[in-house]
Amino acid sequence: KRASDIVKGMLEHSRKSTGEKETTDINALCDEYLRLAYHGLKAKDNDFNATMETHFDPNMPKVEVIPQDIGRVLLNLINNAFYAVNERSKKGEEGYEPTVSITTQLTADSQLLIAVKDNGSGISDHIKDKIFQPFFTTKPTGQGTGLGLSLSYDIVKAHVGEIRVESQQNTGTQFIIQLPMT
């Protein structure tokens with residue numbers, strides 16, 4: 001099964017997107033994929049629970065992106081965030097409330113920022129540099145192929161954007177996508 005998942009992931013990784021850029025409501029896209037990821041995980045694990053927060057820029061203009069590709073990036077990041085908060089919640093820390101949030105913002109220099117943030121256990125400094133490499137995963141065998149973040153990185157680069165990670169141990173992680181508005 002793992003080999004099959006890796007082959008599927010490699011095929012997705014090498015697939016050139018034939019998608020055309022479309023004028024897209026990025027707030028609606030983020031909201032849709034947040035709910036899709038949550039309900040997908042809830043269907044697999046009835047005990048899974050997390051708070052979802054959205055902080056959408058109400059003045060966000062529509063943007064030219066390939067919605068299917070940006071959707072895949074969002075799904076990867078959101079699924080990873082839900083995985084992180086679920087793993088931390090299994091530790092039974094008193095008072096811990098698993099939370100995943102998405103923020104959109106238009107910067108002063110006309111950049112679109114999308115931030116996916118979780119309050120999971122965080123990513124240690126010694127592996128932060130490796131997380132966008134193909135086949136690198138921190139998940140147990142059978143849980144991940146190590147291609148999600150690598151694929152996300154490539155998609156964001158193809159949109160002439162940047163993706164970066166900010167993380168603190170025992171505080172959480174935030175992935176920030178920055179895309180030009182033109």
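Details of the structure are given in the entry above.
Residues numbered from 1 in each chain as written. Predicted model: local features only at pLDDT ≥ 70, side-chain atom pairs only at ≥ 80, totals over all residues. Heavy atoms only, no water.

Moving on, we get to helix H5 (residues 148–158). Of the positions making up H5, those classed as buried are Leu149, Ser150, Leu151, Ser152, Ile155 and Val156. Looking one or two residues beyond H5, the residue adopting positive phi is valine 160, at roughly 60°. (Buried < 20%, exposed > 50% of the residue type's maximum accessible area, 1.4 Å probe, protein only. Helix = DSSP H or I, 4+ residues; strand = E, 2+ residues; numbered from the N terminus.)

Let's shift gears to the pattern of salt bridges. By the definition in use, this model includes four salt bridges. Linking lysine 90 and glutamate 87 is a salt bridge whose minimum nitrogen-to-oxygen distance equals 3.2 Å. Lysine 90 sits in the exposed class, given a relative accessible area of 57%. Residue glutamate 87 is classed as partly exposed on the basis of its relative accessible area of 31%. Here aspartate 125 makes a salt bridge to lysine 128, at a shortest N to O gap of 3.0 Å. In this pair, aspartate 125 and lysine 128 both sit in helix H4 (residues 125–128), three residues apart, roughly one turn of the helix. Residue classification places aspartate 125 among the exposed positions, given a relative accessible area of 59%. Of the residues examined, lysine 128 reaches a relative accessible area of 18% and is grouped as buried. (Salt bridge = Lys/Arg side-chain N within 4 Å of Asp/Glu carboxyl O.)

The subject of this paragraph is the nonpolar core. The biggest cluster of nonpolar side chains holds 40 residues, and the ones touching the most others in it are Ile26, Ile78, Phe82 and Phe175. Where this core is concerned, the elements lending two or more residues are helix H2 (26–44), strand E3 (63–65), helix H3 (67–89), strand E4 (99–106), strand E5 (111–118), H5, strand E6 (162–168) and strand E7 (172–180). Broken down by element, the residue count for this core peaks at eight residues, all from H3. With residues up to four places along the chain from it excluded, the contact list for isoleucine 26 reads Met60, Val63, Ile70, Thr104, Leu112 and Ile114. (Core = buried A, V, L, I, M, F, W, Y, C linked by side-chain atoms within 4.5 Å. Contact = heavy atoms within 4.5 Å.)

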